[in-house]
Amino acid sequence: ACDRMALELSRQEAAEKLLTDGNIFCLVGWYPLKAEKKLTTLLGRFDCAYELAEPQPEEYPDVPVKLESNRFTRSMNCITEQYSLPAYDGVDPNPFMAPFFILFFGMMMADMGYGLLMIVGSLLFLKKKRPDDRSFMEMIFWCGIMTFIFGALTGGFFGDFIPQLCKLIDPASTFTMPALFDPLNDTMAIMVGSLVLGAIQVFTGMTVSVVEKCRNGHFPDALFDEITWWIILAGGAMAILGVGSVGGVPVVLCVGGLMLLYGAGRGKKGFGKVTGVVAAVYNGVTGFFSDILSYVRLMALMLSGAVLAQVFNMLGATTGNIVLFVIIALVGNALNLALNLLGCYVHDMRLQFLEFFGRFYKDGGKAFRPLRMQANHVEIIKEEHVQ
């Protein structure tokens with residue numbers, strides 16, 4: 001009954017958008033460009049007049065947005081929609097965000113057992129429930145795969161569950177899971193890797209911003225907002241390495257500094273040029289490096305998850321009983337999995353929303369919601385009758 005009334009309400013809301021005298025009606029609406037052939041074929045069956053047109057710039061704030069995604073990137077719809085849909089003339093962030101979000105999530109979870117549970121759980125949910133919006137569970141599925149991969153790299157299967165179990169069975173056992181690196185012993189390497197990944201994502205966001213500004217005819221903004229900092233960073237690296245200096249003067253770094261001084265003072269007069277330069281230097285330096293430092297949380301979440309798993313396994317092993325060990329370890333790892341799912345999800349979203357979206361994202365889009373059959377309590381199955 002609730003589904004039926006909700007559908008009737010949506011029909012009435014759609015009817016209110018029609019201009020009609022009861023015999024003739026006029027409808028103005030939106031359709032995806034890919035559906036143009038299907039739309040014209042449908043309208044061709046009726047005795048009606050219609051006109052198709054691209055939206056004009058002044059109409060952009062009113063144009064609804066439908067994200068174009070494939071099987072991989074559509075899993076990010078649930079993340080983007082929680083922030084805000086991109087404006088019609090903005091950039092769809094999903095293709096750029098998906099690899100980073102899934103990689104970061106797997107790096108923070110980093111356990112083969114947790115990854116298997118995420119993969120199997122998401123697939124069972126999608127098969128049994130068959131939700132209209134599959135993006136969240138598909139995101140869990142892809143993150144589960146990456147979690148399993150990082151778990152294989154770190155040798156984690158519910159922490160050190162298997163080595164502890166082997167010791168209970170045979171106290172002389174020295175079995176350890178094969179691993180490329182250990183989160184507890186290779187902390188510095190993981191931290192450096194986290195910072196490198198953070199720098200790659202920040203530079204990716206800056207690149208998207210440059211491309212969009214150039215595409216919209218704002219090359220000076222791209223030159224002085226992003227490209228200038230690239231030149232400064234490249235000049236600083238060259239100066240440290242002792243490359244590109246003439247008479248002891250780092251030429252590239254000096255060029256970048258002059259570009260920063262000029263760009264910060266554009267459009268300002270008098271003392272405003274001085275404050276503009278100070279603000280540009282301060283915001284650029286602190287903002288750029290603080291954004292990259294935020295990615296240290298990748299190491300922190302990986303480390304905390306590994307430690308908690310080992311603590312629960314150790315508590316179970318102190319009983320000296322295999323059955324009690326299995327019960328305590330599995331209950332503890334279930335709690336650790338729940339905490340990590342929430343923590344990794346929240347921290348991963350924070351990195352995308354603040355450090356990545358802040359570089360290029362233009363929000364404010366309205367969702368494209370066509371009138372269709374949609375039920376929350378009833379499963380609608382379409383059957384084809386062959387006569």
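Values in this document were obtained by computation on a predicted structure and should not be read as measured data. Within any chain, residue numbers begin from 1 and follow the written order of that chain's sequence. In keeping with the predicted nature of the model, local features appear solely for residues at pLDDT of at least 70, side-chain atom pairs appear and are counted solely at 80 or more, and the whole-chain, interface and lining totals rest on all residues. In computing side-chain properties, one takes all heavy atoms of the structure into account and sets aside hydrogens as well as water.

Undergrad: So, the packing of aromatic side chains: which residues are in play, and what are the values?
TA: Pairing of aromatic rings covers Phe, Tyr and Trp, the last through its six-membered ring, and needs centres within 6.5 Å; plane angles under 30 degrees mean stacked, over 60 mean edge-to-face, and all others mean tilted. By the definition in use, this model includes 24 aromatic pairs. The interplanar angle of 70° and the centroid separation of 6.3 Å between the aromatic rings of Phe357 and Phe360 together place this pair among those described as edge-to-face. Of this pair, Phe357 and Phe360 are both found in helix 13 (residues 322-360), three residues apart, which corresponds to roughly one turn of the helix. Exposure class is identical for Phe357 and Phe360. Each is buried. Strands are runs of DSSP state E lasting at least 2 residues, helices are runs of H or I lasting at least 4, and numbering of each runs from the N terminus. The cut-offs for exposure are 20% and 50% of the maximum accessible area for each residue type, with area from a 1.4 Å probe on protein chains only; residues under the lower value are buried, those over the upper are exposed, and the others partly exposed.

Undergrad: Can you explain the state of the cysteines? Please cite residues and give values.
TA: Cysteine sulfurs are considered disulfide-paired once they come within 2.5 Å of each other. A complete count under the given rule lists zero disulfides for this structure. With no disulfide partner, Cys344 has as its closest neighbouring cysteine sulfur the one in Cys143, 9.1 Å distant.

Undergrad: Describe helix 6 (residues 135-154), naming the residues involved and giving the relevant values.
TA: Along its 20 residues, helix 6 runs 28 Å from first to last C-alpha, staying within 8% of the 28 Å computed at 1.5 Å per residue. By the burial criterion, the buried members of helix 6 are Ser135, Glu138, Met139, Ile140, Phe141, Cys143, Gly144, Met146, Thr147, Phe150, Gly151 and Thr154. On its buried face, helix 6 is in contact with helix 3 (77-83), helix 4 (94-109), helix 5 (112-129), helix 12 (297-317) and helix 13. The span you would expect from a helix comes to 1.5 Å times its residue count less one. Note on contacts: a residue pair qualifies if any of its non-hydrogen atoms lie within 4.5 Å across the two residues.

Undergrad: A description of the sheet that holds strand 3 (residues 64-65) should follow, citing residues and the corresponding values.
TA: Here we have three strands laid out as an open sheet, ordered 3-7-4, and mixed in their pairing. The open sheet has two free edges, formed respectively by strand 3 and strand 4 (85-86), since each of these has just one partner strand. Pairing of strand 4 with strand 7 (residues 363-367) involves two bridges; the strand directions are antiparallel. Of the residues in strand 7, the one forming a bridge with Leu85 is Gly365. Pairing between two strands requires that DSSP report at least two bridges joining them.

Undergrad: Can you tell me about the environment of Cys2, naming the residues and giving the values?
TA: Within the secondary structure, Cys2 is located in helix 1 (residues 2-15). Residue class for Cys2 comes out exposed when judged on its relative accessible area of 56%. Taking C-alpha positions, Cys2 is 8.7 Å from Ala375, a pair spaced 373 residues apart along the chain.

Undergrad: For the side chain of Ser75, give the residues involved together with the corresponding values.
TA: Within the fold, Ser75 resides in the loop between strand 3 and helix 3. Owing to a relative accessible area of 0%, Ser75 belongs among the buried residues under this scheme. A 3.5 Å cut-off defines polar contacts: any pair of N or O atoms within that distance qualifies, except that in protein one atom must be a possible hydrogen donor and the other a possible acceptor, and neighbouring residues in sequence count only when both atoms are side-chain atoms. Only 2.7 Å separates the side chain of Ser75 from the backbone oxygen of Phe72, close enough to count as a polar contact. Look past the residues within four positions of Ser75 in its chain and what remains in contact with it is Ile102, Ser135, Glu138, Met139 and Trp142.

Undergrad: Break down the packing of helix 7 (residues 161-169) against helix 13 for me, with residues and values.
TA: Two elements in contact, helix 7 and helix 13, have axes whose closest approach is 10 Å; the angle formed by their N-to-C orientations is 165°. With respect to helix 13, the axis of helix 7 lies roughly antiparallel. Relative to helix 13, helix 7 is oriented so that their crossing is right-handed. Packed against helix 7, whose contacting residues are Phe161, Gln164, Leu165, Leu168 and Ile169, the element helix 13 presents Ile322, Phe325, Val326, Ala329 and Leu330 at the interface. Classification used: nonpolar for Ala, Val, Leu, Ile, Met, Phe, Trp, Tyr, Cys and Pro, charged for Asp, Glu, Lys and Arg, polar for all others including Gly. For the contact of helix 7 with helix 13, the residue count by class is nine nonpolar, one polar and no charged. As a rule, the C-alpha atoms of each element are fitted with a line to give its axis, helices using only the stretch in contact, and angles between N-to-C directions run from 0 to 180 degrees. For classification, angles of less than 35 degrees are called roughly parallel, those exceeding 145 degrees roughly antiparallel, those between 65 and 115 degrees roughly perpendicular, and all remaining angles oblique. Each crossing gets its hand from how the near helix is turned against the far one by less than a right angle, where anticlockwise is left-handed and clockwise is right-handed.

Undergrad: Can you tell me about the pairing of strand 7, naming the residues and giving the values?
TA: Alignment of strand 3 against strand 7, held across two bridges, turns out to be parallel. In the strand pairing of strand 7, Pro64 is matched with Lys366.

Undergrad: Any details on the pattern of salt bridges? Residues and values, ideally.
TA: We define a salt bridge as a side-chain nitrogen of Lys or Arg found within 4 Å of a carboxyl oxygen belonging to Asp or Glu. Here the structure, examined in full by the defined rule, presents ten salt bridges. One salt bridge connects Glu68 with Lys34, and the closest N-O pair in it is separated by 3.6 Å. Of this pair, Glu68 sits in the loop between strand 3 and helix 3 while Lys34 sits in the loop between strand 2 (25-26) and helix 2 (36-43), and the two are 34 residues apart along the sequence. On the accessibility criterion, Glu68 (42% relative accessible area) is partly exposed. For Lys213, the salt bridge identified is with Asp225, shortest N-O distance 3.1 Å. Of this pair, Lys213 sits in helix 8 (residues 187-215) while Asp225 sits in helix 9 (residues 219-241), and the two are twelve residues apart along the sequence. One salt-bridge network, held together by shared partners, links Arg74, Arg134 and Glu138.

Undergrad: Can you break down the nonpolar core residue by residue, with the values?
TA: Counting 53 residues, the largest nonpolar core has Met76, Ile79, Phe101, Phe105 and Met139 as the members making the most contacts within it. Looking at this core, the element that brings in the most residues is helix 13, giving eleven residues. Excluding residues within four positions of it along the chain, Ile79 makes contact with Met97, Phe101, Met139, Tyr345, Met349 and Phe353. We call a set of buried residues a nonpolar core when its members are Ala, Val, Leu, Ile, Met, Phe, Trp, Tyr or Cys and they connect through side-chain atoms within 4.5 Å of each other.

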